[in-house]
Amino acid sequence: MNRFVQIGTILIASFVIGVAVNQINPHGIPLRLLCMSLSFGSHQKDYVETSVDSTLLLFFQGSGLFIDIRSEQDYNIDHIKGAVSIPFFELFRHPENFPKIDSTSTLIVYDYHLNSNRAFLSARFLANRGFKNVTVMRGGFIEWLDKGYPVERHKR
Amino acid sequence: MARQGISSREAQKVKNRLIKWTYLLLRIGFGSLLIYASIYKIGSPFEFAEAVENYRIFGTDLSLWTAVFIPYLEAIIGFALLSGLWSETVVLLNAVLMFLFLILVIQAYIRGLDIRCGCFFAEGESRIGLLKIFENVLFVVLSISLIKLNKIVKHS
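Going along each chain's sequence as written, the residues are numbered from 1 onward. Starting at A for chains and at 1 for ligands, labels are handed out in the order in which the entities are written. With the structure being a predicted model, the display of local features is reserved for residues of pLDDT at least 70 and the display and counting of side-chain atom pairs for 80 or more, all residues being used for whole-chain, interface and lining totals. To get the side-chain values, take all heavy atoms of the structure and skip hydrogens and water.

> Could you give an account of unusual backbone geometry, with specific residues and numbers?
Residue and element names in this part refer to chain B. A positive phi is found at R56, a non-glycine position, where the angle reads about 55°. In this description a helix means any DSSP run of H or I spanning at least four residues, a strand means any run of E spanning at least two, and both kinds are numbered starting from the N terminus. Looking at where R56 falls in the secondary structure, it is placed in the loop between α2 (45-53) and α3 (60-83). The backbone of W86 shows a phi angle near 45°, a positive value even though the residue is not glycine.

Printed below as a string of C-alpha coordinates:
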(Lines give C-alpha, C1' and ligand atoms only; values in the text may rest on other atoms or scores of the structure.)
Protein backbone atom coordinates (compact mmCIF):
# COMPACT_ATOMS: atom_id res chain seq x y z
CA MET A 1 0.00 0.00 0.00
CA ASN A 2 1.19 3.49 -0.82
CA ARG A 3 2.89 5.24 2.10
CA PHE A 4 0.56 8.25 1.94
CA VAL A 5 -2.47 5.98 2.10
CA GLN A 6 -0.98 4.28 5.16
CA ILE A 7 -0.32 7.64 6.86
CA GLY A 8 -3.85 8.78 6.03
CA THR A 9 -5.32 5.56 7.37
CA ILE A 10 -3.42 5.85 10.66
CA LEU A 11 -4.38 9.51 11.12
CA ILE A 12 -8.04 8.97 10.28
CA ALA A 13 -8.24 5.83 12.44
CA SER A 14 -6.71 7.72 15.41
CA PHE A 15 -9.22 10.51 14.98
CA VAL A 16 -12.30 8.31 14.54
CA ILE A 17 -11.37 5.97 17.41
CA GLY A 18 -10.50 8.98 19.60
CA VAL A 19 -13.85 10.67 19.05
CA ALA A 20 -15.74 7.37 19.48
CA VAL A 21 -13.98 6.30 22.69
CA ASN A 22 -14.46 9.76 24.19
CA GLN A 23 -18.21 9.34 23.74
CA ILE A 24 -18.15 6.05 25.66
CA ASN A 25 -15.65 7.12 28.33
CA PRO A 26 -17.60 8.72 31.23
CA HIS A 27 -14.62 11.07 31.77
CA GLY A 28 -14.21 11.68 28.03
CA ILE A 29 -14.53 14.89 26.06
CA PRO A 30 -18.02 14.79 24.55
CA LEU A 31 -18.45 15.47 20.85
CA ARG A 32 -20.91 18.23 21.76
CA LEU A 33 -18.16 20.14 23.54
CA LEU A 34 -15.74 19.57 20.65
CA CYS A 35 -18.30 20.93 18.21
CA MET A 36 -19.06 23.83 20.53
CA SER A 37 -15.35 24.69 20.57
CA LEU A 38 -15.53 25.12 16.82
CA SER A 39 -18.86 26.96 17.07
CA PHE A 40 -20.61 24.15 15.21
CA GLY A 41 -23.97 22.78 16.21
CA SER A 42 -26.64 25.01 17.60
CA HIS A 43 -26.30 28.61 16.50
CA GLN A 44 -28.93 29.62 18.99
CA LYS A 45 -27.29 31.46 21.86
CA ASP A 46 -28.22 29.94 25.17
CA TYR A 47 -26.43 32.59 27.23
CA VAL A 48 -26.25 36.36 27.40
CA GLU A 49 -23.20 38.56 26.93
CA THR A 50 -22.90 41.67 29.04
CA SER A 51 -20.35 44.44 29.28
CA VAL A 52 -18.25 44.87 32.40
CA ASP A 53 -20.29 47.97 33.34
CA SER A 54 -23.59 46.10 33.13
CA THR A 55 -22.07 43.28 35.14
CA LEU A 56 -21.17 45.77 37.86
CA LEU A 57 -24.89 46.52 38.24
CA LEU A 58 -25.57 42.81 38.76
CA PHE A 59 -22.73 42.77 41.26
CA PHE A 60 -24.25 45.58 43.35
CA GLN A 61 -27.72 44.08 43.10
CA GLY A 62 -26.20 40.86 44.45
CA SER A 63 -28.41 38.95 42.08
CA GLY A 64 -25.89 36.64 40.50
CA LEU A 65 -23.20 34.14 41.28
CA PHE A 66 -19.83 35.03 39.75
CA ILE A 67 -17.92 32.05 38.40
CA ASP A 68 -14.19 32.52 37.94
CA ILE A 69 -12.95 29.98 35.38
CA ARG A 70 -9.29 31.03 35.55
CA SER A 71 -6.74 28.78 37.23
CA GLU A 72 -6.87 28.41 41.00
CA GLN A 73 -3.52 30.21 41.31
CA ASP A 74 -4.89 33.24 39.46
CA TYR A 75 -8.04 33.17 41.57
CA ASN A 76 -5.97 33.09 44.75
CA ILE A 77 -4.11 36.26 43.72
CA ASP A 78 -7.26 38.28 43.12
CA HIS A 79 -10.84 37.80 41.96
CA ILE A 80 -14.19 39.53 41.84
CA LYS A 81 -15.57 39.82 45.34
CA GLY A 82 -17.76 36.83 46.16
CA ALA A 83 -16.82 34.87 43.04
CA VAL A 84 -16.38 31.11 43.27
CA SER A 85 -13.42 29.45 41.63
CA ILE A 86 -14.25 26.71 39.14
CA PRO A 87 -11.28 26.40 36.76
CA PHE A 88 -12.31 25.77 33.16
CA PHE A 89 -11.15 22.18 32.87
CA GLU A 90 -12.41 21.37 36.37
CA LEU A 91 -15.91 22.43 35.33
CA PHE A 92 -15.93 19.77 32.60
CA ARG A 93 -13.94 17.19 34.52
CA HIS A 94 -16.10 17.22 37.64
CA PRO A 95 -19.40 18.88 36.81
CA GLU A 96 -20.85 17.12 39.87
CA ASN A 97 -18.78 19.47 42.08
CA PHE A 98 -20.62 22.50 40.75
CA PRO A 99 -22.39 24.35 43.59
CA LYS A 100 -25.94 23.11 44.13
CA ILE A 101 -27.94 26.15 43.22
CA ASP A 102 -31.32 26.85 41.75
CA SER A 103 -31.38 26.53 37.96
CA THR A 104 -33.05 29.94 37.66
CA SER A 105 -30.19 31.73 39.45
CA THR A 106 -28.09 34.10 37.39
CA LEU A 107 -24.60 32.82 36.74
CA ILE A 108 -21.95 35.26 35.54
CA VAL A 109 -18.98 33.53 33.96
CA TYR A 110 -15.70 35.34 33.51
CA ASP A 111 -12.18 34.58 32.38
CA TYR A 112 -9.08 36.74 32.34
CA HIS A 113 -9.09 37.81 28.72
CA LEU A 114 -11.22 40.17 26.74
CA ASN A 115 -13.23 37.75 24.63
CA SER A 116 -12.30 34.35 25.94
CA ASN A 117 -13.54 31.33 24.10
CA ARG A 118 -13.33 29.45 27.39
CA ALA A 119 -15.92 31.71 28.97
CA PHE A 120 -18.31 31.10 26.06
CA LEU A 121 -17.71 27.35 26.17
CA SER A 122 -18.34 27.27 29.92
CA ALA A 123 -21.50 29.35 29.52
CA ARG A 124 -22.87 27.02 26.86
CA PHE A 125 -21.96 24.01 28.97
CA LEU A 126 -23.81 25.43 31.98
CA ALA A 127 -26.80 26.38 29.84
CA ASN A 128 -26.86 22.82 28.50
CA ARG A 129 -26.90 21.57 32.08
CA GLY A 130 -30.15 23.38 32.67
CA PHE A 131 -29.16 26.82 33.98
CA LYS A 132 -31.53 29.32 32.46
CA ASN A 133 -29.74 32.60 33.17
CA VAL A 134 -26.13 32.31 32.17
CA THR A 135 -24.18 35.46 31.40
CA VAL A 136 -20.68 35.93 30.03
CA MET A 137 -18.83 39.05 31.11
CA ARG A 138 -17.29 40.46 27.95
CA GLY A 139 -14.04 42.20 28.66
CA GLY A 140 -13.05 39.67 31.26
CA PHE A 141 -11.36 40.18 34.60
CA ILE A 142 -8.64 42.33 33.02
CA GLU A 143 -11.16 45.04 32.14
CA TRP A 144 -12.82 44.72 35.56
CA LEU A 145 -9.41 45.31 37.14
CA ASP A 146 -8.59 48.21 34.79
CA LYS A 147 -11.79 49.96 35.79
CA GLY A 148 -10.96 49.59 39.47
CA TYR A 149 -14.11 47.61 40.30
CA PRO A 150 -14.24 45.67 43.58
CA VAL A 151 -11.88 42.73 43.93
CA GLU A 152 -10.75 40.51 46.74
CA ARG A 153 -7.00 40.16 46.98
CA HIS A 154 -5.08 37.37 48.60
CA LYS A 155 -3.84 38.44 52.03
CA ARG A 156 -0.13 37.78 52.39
CA MET B 1 43.02 -16.36 2.49
CA ALA B 2 40.19 -18.82 3.00
CA ARG B 3 40.41 -18.40 6.79
CA GLN B 4 40.31 -14.62 6.37
CA GLY B 5 37.21 -14.96 4.16
CA ILE B 6 35.45 -17.08 6.78
CA SER B 7 36.26 -14.70 9.63
CA SER B 8 35.04 -11.66 7.67
CA ARG B 9 31.83 -13.53 6.82
CA GLU B 10 31.38 -14.37 10.50
CA ALA B 11 32.02 -10.77 11.44
CA GLN B 12 29.35 -9.75 8.94
CA LYS B 13 26.98 -12.30 10.47
CA VAL B 14 27.59 -10.91 13.96
CA LYS B 15 27.07 -7.38 12.66
CA ASN B 16 23.80 -8.33 10.98
CA ARG B 17 22.60 -10.06 14.12
CA LEU B 18 23.52 -7.00 16.19
CA ILE B 19 21.62 -4.74 13.80
CA LYS B 20 18.56 -7.00 13.94
CA TRP B 21 18.58 -7.12 17.72
CA THR B 22 19.09 -3.36 18.07
CA TYR B 23 16.26 -2.80 15.60
CA LEU B 24 13.95 -5.13 17.50
CA LEU B 25 14.90 -3.57 20.82
CA LEU B 26 14.22 -0.05 19.54
CA ARG B 27 10.92 -1.08 17.98
CA ILE B 28 9.73 -2.76 21.17
CA GLY B 29 11.08 0.11 23.27
CA PHE B 30 9.31 2.83 21.30
CA GLY B 31 6.17 0.72 20.93
CA SER B 32 5.90 0.14 24.67
CA LEU B 33 6.78 3.74 25.46
CA LEU B 34 4.06 5.10 23.20
CA ILE B 35 1.43 2.71 24.53
CA TYR B 36 2.42 3.53 28.10
CA ALA B 37 2.27 7.26 27.31
CA SER B 38 -1.19 6.94 25.79
CA ILE B 39 -2.88 4.99 28.60
CA TYR B 40 -3.33 7.79 31.13
CA LYS B 41 -4.14 10.34 28.43
CA ILE B 42 -6.91 8.12 27.10
CA GLY B 43 -8.33 7.72 30.61
CA SER B 44 -8.12 11.42 31.54
CA PRO B 45 -8.53 13.47 28.37
CA PHE B 46 -9.44 16.70 30.17
CA GLU B 47 -6.22 16.58 32.17
CA PHE B 48 -4.27 16.00 28.98
CA ALA B 49 -6.11 18.87 27.25
CA GLU B 50 -5.09 21.11 30.16
CA ALA B 51 -1.47 19.94 29.85
CA VAL B 52 -1.55 20.75 26.12
CA GLU B 53 -3.06 24.16 26.77
CA ASN B 54 -0.30 24.90 29.28
CA TYR B 55 2.17 25.00 26.37
CA ARG B 56 0.33 28.13 25.20
CA ILE B 57 0.57 27.28 21.53
CA PHE B 58 -2.88 25.88 20.97
CA GLY B 59 -5.98 27.62 22.20
CA THR B 60 -8.60 25.83 24.28
CA ASP B 61 -10.39 24.53 21.17
CA LEU B 62 -7.33 22.92 19.63
CA SER B 63 -6.18 21.58 23.00
CA LEU B 64 -9.46 19.69 23.32
CA TRP B 65 -9.14 18.27 19.80
CA THR B 66 -5.48 17.37 20.42
CA ALA B 67 -6.48 15.50 23.59
CA VAL B 68 -8.97 13.48 21.56
CA PHE B 69 -6.54 12.69 18.75
CA ILE B 70 -2.92 12.39 20.00
CA PRO B 71 -3.28 9.59 22.62
CA TYR B 72 -4.89 7.32 20.02
CA LEU B 73 -2.25 8.18 17.45
CA GLU B 74 0.39 7.25 20.03
CA ALA B 75 -1.41 3.99 20.84
CA ILE B 76 -1.85 3.00 17.18
CA ILE B 77 1.78 3.79 16.33
CA GLY B 78 2.82 1.90 19.48
CA PHE B 79 0.86 -1.24 18.55
CA ALA B 80 2.05 -1.03 14.93
CA LEU B 81 5.67 -0.81 16.11
CA LEU B 82 5.21 -3.85 18.31
CA SER B 83 3.52 -5.87 15.58
CA GLY B 84 5.77 -4.73 12.74
CA LEU B 85 2.81 -3.64 10.61
CA TRP B 86 3.59 -1.02 7.92
CA SER B 87 6.99 -0.64 9.55
CA GLU B 88 8.43 1.89 7.06
CA THR B 89 5.54 4.30 7.54
CA VAL B 90 5.23 3.74 11.27
CA VAL B 91 8.90 4.37 12.10
CA LEU B 92 8.64 7.59 10.10
CA LEU B 93 5.51 8.71 11.98
CA ASN B 94 7.22 7.80 15.25
CA ALA B 95 10.16 10.07 14.38
CA VAL B 96 7.84 12.91 13.36
CA LEU B 97 5.97 12.57 16.66
CA MET B 98 9.23 12.61 18.66
CA PHE B 99 10.43 15.65 16.72
CA LEU B 100 7.18 17.52 17.39
CA PHE B 101 7.42 16.74 21.10
CA LEU B 102 11.00 18.03 21.12
CA ILE B 103 9.96 21.31 19.49
CA LEU B 104 7.14 21.73 22.02
CA VAL B 105 9.50 21.18 24.94
CA ILE B 106 12.19 23.51 23.55
CA GLN B 107 9.77 26.35 22.87
CA ALA B 108 8.31 25.99 26.39
CA TYR B 109 11.82 26.11 27.85
CA ILE B 110 12.80 29.18 25.79
CA ARG B 111 9.61 30.97 26.82
CA GLY B 112 10.33 30.12 30.45
CA LEU B 113 7.08 28.21 31.03
CA ASP B 114 7.19 26.49 34.39
CA ILE B 115 4.99 23.54 33.46
CA ARG B 116 4.97 19.79 33.64
CA CYS B 117 5.70 17.98 30.41
CA GLY B 118 2.41 16.05 30.29
CA CYS B 119 4.19 13.28 28.42
CA PHE B 120 3.52 10.32 30.70
CA PHE B 121 1.47 11.70 33.61
CA ALA B 122 3.65 9.69 35.96
CA GLU B 123 3.78 10.57 39.63
CA GLY B 124 6.44 13.23 40.14
CA GLU B 125 6.93 13.80 36.42
CA SER B 126 9.69 16.32 35.91
CA ARG B 127 9.06 19.89 34.82
CA ILE B 128 10.27 21.31 31.53
CA GLY B 129 14.01 21.86 31.76
CA LEU B 130 17.33 20.87 30.25
CA LEU B 131 16.91 17.29 31.41
CA LYS B 132 13.57 17.02 29.60
CA ILE B 133 15.11 18.52 26.45
CA PHE B 134 17.97 16.02 26.64
CA GLU B 135 15.48 13.18 27.05
CA ASN B 136 13.56 14.34 23.96
CA VAL B 137 16.74 14.84 21.89
CA LEU B 138 17.66 11.26 22.77
CA PHE B 139 14.24 10.04 21.61
CA VAL B 140 14.63 11.92 18.30
CA VAL B 141 18.11 10.48 17.72
CA LEU B 142 16.90 6.96 18.53
CA SER B 143 13.82 7.32 16.34
CA ILE B 144 16.00 8.43 13.39
CA SER B 145 18.28 5.44 14.07
CA LEU B 146 15.18 3.25 13.97
CA ILE B 147 14.34 4.55 10.47
CA LYS B 148 17.86 3.72 9.26
CA LEU B 149 17.88 0.30 10.93
CA ASN B 150 14.47 -0.47 9.47
CA LYS B 151 15.80 0.25 5.97
CA ILE B 152 18.87 -1.96 6.54
CA VAL B 153 16.84 -4.85 7.96
CA LYS B 154 14.21 -4.67 5.21
CA HIS B 155 16.82 -4.67 2.45
CA SER B 156 19.06 -7.34 3.91
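> Explain the nonpolar core to me, and be specific about the residues and the numbers.
To define a nonpolar core, start from buried Ala, Val, Leu, Ile, Met, Phe, Trp, Tyr and Cys residues and group those joined through side-chain atoms within 4.5 Å. Using a 1.4 Å probe on the protein chains alone, a residue whose accessible area is under 20% of its type maximum counts as buried, one over 50% counts as exposed, and one in between counts as partly exposed. Among the nonpolar cores identified, the biggest contains 69 residues, and I29 and L126 of chain A together with L64 of chain B are the most heavily contacted of them. Start and end points for every domain follow an automatic or database-based domain assignment. In terms of domain composition, this core takes at least three residues from each of domain 1 (2-38) and domain 2 (48-153) of chain A. Here a residue-residue contact requires only that any non-hydrogen atoms of the pair lie within 4.5 Å. Setting aside residues no more than four positions away along its own chain, L126 of chain A makes contact with I67, L91, F98, L107, V109, F131 and V134 of chain A. Listed in part, the 15 residues of the second largest apolar core include L56, Y110, M137 and W144 of chain A.

> With reference to specific residues and values, describe the packing of aromatic side chains.
Residue and element names in this part refer to chain A. Note on ring pairs: Phe, Tyr and Trp rings are taken, using the six-membered ring of Trp, and paired if centres are within 6.5 Å. Classes follow the plane angle, with under 30 degrees stacked, over 60 edge-to-face and the rest tilted. Taken as a whole, this structure holds 16 aromatic pairs over all chains when the rule is applied. Taking 5.4 Å as the distance between ring centres and 75° as the angle between the ring planes, the aromatic pair formed by F59 and F60 counts as edge-to-face. Judged by relative accessible area, which is 17%, F59 ranks as buried. Overall, F60 belongs to the exposed group, its relative accessible area being 59%. Taken together through their ring pairs, the aromatic side chains of F59, F60, F66, Y110, F141, W144 and Y149 make up a single cluster. Residue placement shows R70 over the ring face of F141; its charged tip is 4.2 Å from the ring centre. Lysine NZ or arginine CZ positioned within 6 Å of the ring centre and within 35 degrees of the ring normal marks a charge as sitting over the ring.

> If you had to explain α3 of chain B to someone new, which residues and values would you point to?
Residues and elements named next belong to chain B. The terminal C-alpha atoms of α3 lie 35 Å apart, and with 24 residues this matches the ideal 34 Å at 1.5 Å per residue to within 8%. In terms of burial, α3 is a largely internal element, 17 of the 24 residues being buried. At the C-terminal side of α3, G84 shows a positive phi close to 85°. Here a helix's expected span is defined as the number of its residues, less one, multiplied by 1.5 Å.

> Now, about a nonpolar patch on the surface: what can you tell me, with residues and values included?
All names here are of chain B. A residue counts toward a patch only above 30% relative accessible area and without a salt bridge, and it is joined to like-charged neighbours within 9 Å or, for Val, Leu, Ile, Met, Phe, Trp and Tyr, to nonpolar neighbours within 5 Å. Accessible areas in this description were obtained via Shrake-Rupley with a 1.4 Å probe; residue shielding takes into account the shown protein chains only. We define a salt bridge as a contact between a side-chain nitrogen of Lys or Arg and a carboxyl oxygen of Asp or Glu at a distance within 4 Å. The grouping of W21, L24, I28, F79 and L82 at the surface amounts to a nonpolar patch, some 500 Å² of accessible area in total. Among the elements that take part in the nonpolar patch, helix α1 (residues 2-43) stands out by supplying three residues, more than any other. Within the element layout of this structure, L24 appears in helix α1.

> Explain the interface of chain B and chain A to me, and be specific about the residues and the numbers.
Contact residues are listed per partner, giving 24 residues for chain B and 32 residues for chain A. When chain B packs against chain A, close to 2,800 Å² is buried across both sides, 74% of that on carbon and sulfur atoms. Each of two parts loses accessible area, computed with a 1.4 Å probe, when they are put together; buried area is these two losses added. Among the residues chain B hides against chain A, the three largest losses belong to F46, W65 and W86 of chain B. Together they make up 28% of the total. Here chain B and chain A share three salt bridges between them. Between R3 of chain A and E88 of chain B there is a salt bridge whose closest N-O contact spans 3.0 Å. Side-chain atoms alone can form a polar contact between residues adjacent in sequence; in general such a contact is a pair of N or O atoms within 3.5 Å, and within protein one must be able to donate a hydrogen while the other accepts it. At the surface where chain B touches chain A, the tally comes to seven residue pairs in polar contact (both at pLDDT 80 or more). For the side of chain B that touches chain A, the secondary structure elements donating two or more residues are α1, α2, α3 and α4 (87-110) of chain B. For the side of chain B that touches chain A, the leading source of residues is α3 of chain B, giving 10 residues. When grouped by side-chain class, the residues that make up the side of chain B that touches chain A number 16 nonpolar, three polar and five charged. The classification used treats Ala, Val, Leu, Ile, Met, Phe, Trp, Tyr, Cys and Pro as nonpolar, Asp, Glu, Lys and Arg as charged, and all other residues, Gly among them, as polar.

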